[in-house]
Amino acid sequence: DLTRLRAVIRLLEAGHGHRLLLSQDVCTKKDLVRYGGFGYGHILRDFIYRLEEMGVVRSDIDRILIDNPKRMLARRC
């Protein structure tokens, strides 16, 4: 995750926050928390918390989690 966290921060610092979306894959049983994986809640439970620890402000996090997906989905529907 550290590499991904740093990449998100670099993109934010470069002014690309309005274009960022986060996603993850959970495709096999081993990806589930029950079997030792990160599970479906990893981004909201762990990744976002670590972004905040690394100094990303809440407004940038809200943009990535709420505003950008809303804008992207509005264009497609």
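Residues numbered from 1 in each chain as written. Predicted model: local features only at pLDDT ≥ 70, side-chain atom pairs only at ≥ 80, totals over all residues. Heavy atoms only, no water.

## Concerning the pattern of salt bridges
(1) Moving on: In total, this model carries five salt bridges according to the counting rule given.
(2) Moving on: A salt bridge links Arg 45 to Asp 46; the shortest N-O distance between them is 3.2 Å.
(3) Moving on: Within this structure, Glu 52, Arg 58 and Asp 62 form a network of salt bridges that share partners. (Salt bridge = Lys/Arg side-chain N within 4 Å of Asp/Glu carboxyl O.)

## Brief notes about helix α2 (residues 42–53)
(1) Moving on: The end-to-end C-alpha distance of α2 is 16 Å, a good match for the 16 Å that twelve residues give at a rise of 1.5 Å each.
(2) Moving on: Count one or two residues on from α2 and you reach Gly 55, which has phi positive near 100°. (Helix = DSSP H or I, 4+ residues; strand = E, 2+ residues; numbered from the N terminus. Expected span 1.5 Å × (residues − 1).)

## A few points about the environment of Ile 61
(1) Moving on: One can find Ile 61 in helix α3 (residues 58–76).
(2) Moving on: Expressed as a C-alpha distance, the spacing of Ile 61 and Arg 50, which sit eleven residues apart in the sequence, is 11 Å.
(3) Moving on: Each residue touching Ile 61, except ones within four places of it in the same chain, is listed here: Ile 48, Leu 51, Glu 52 and Val 56. (Contact = heavy atoms within 4.5 Å.)

## Let's talk about the nonpolar core
(1) Moving on: Counting twelve residues, the largest nonpolar core is built from Leu 5, Val 8, Ile 9, Leu 12, Leu 20, Ile 43, Phe 47, Ile 48, Leu 51, Val 56, Ile 61 and Ile 64.
(2) Moving on: Of all the secondary-structure elements, those providing two or more residues to this core are α1 (2–13), α2 and α3. (Core = buried A, V, L, I, M, F, W, Y, C linked by side-chain atoms within 4.5 Å. Buried < 20%, exposed > 50% of the residue type's maximum accessible area, 1.4 Å probe, protein only.)

## Observations regarding the packing of α1 against α2
(1) Moving on: In the contact formed by α1 and α2, the axes pass within 10 Å of each other and the chain directions differ by 55°. By the angle between their axes, α1 is oblique relative to α2. Crossing hand, α1 versus α2: right-handed. Along the contact surface, α1 presents Leu 2, Arg 4, Leu 5, Val 8 and Ile 9, while α2 presents Phe 47, Arg 50 and Leu 51.
(2) Moving on: Class assignment for the residues of the contact of α1 with α2 results in six nonpolar, no polar and two charged. (Axes fitted to C-alpha atoms, helices over the stretch in contact; angles between N-to-C directions. Parallel < 35°, antiparallel > 145°, perpendicular 65-115°, else oblique. Left-handed = near helix turned anticlockwise from the far one by under 90°. Nonpolar A, V, L, I, M, F, W, Y, C, P; charged D, E, K, R; others polar.)

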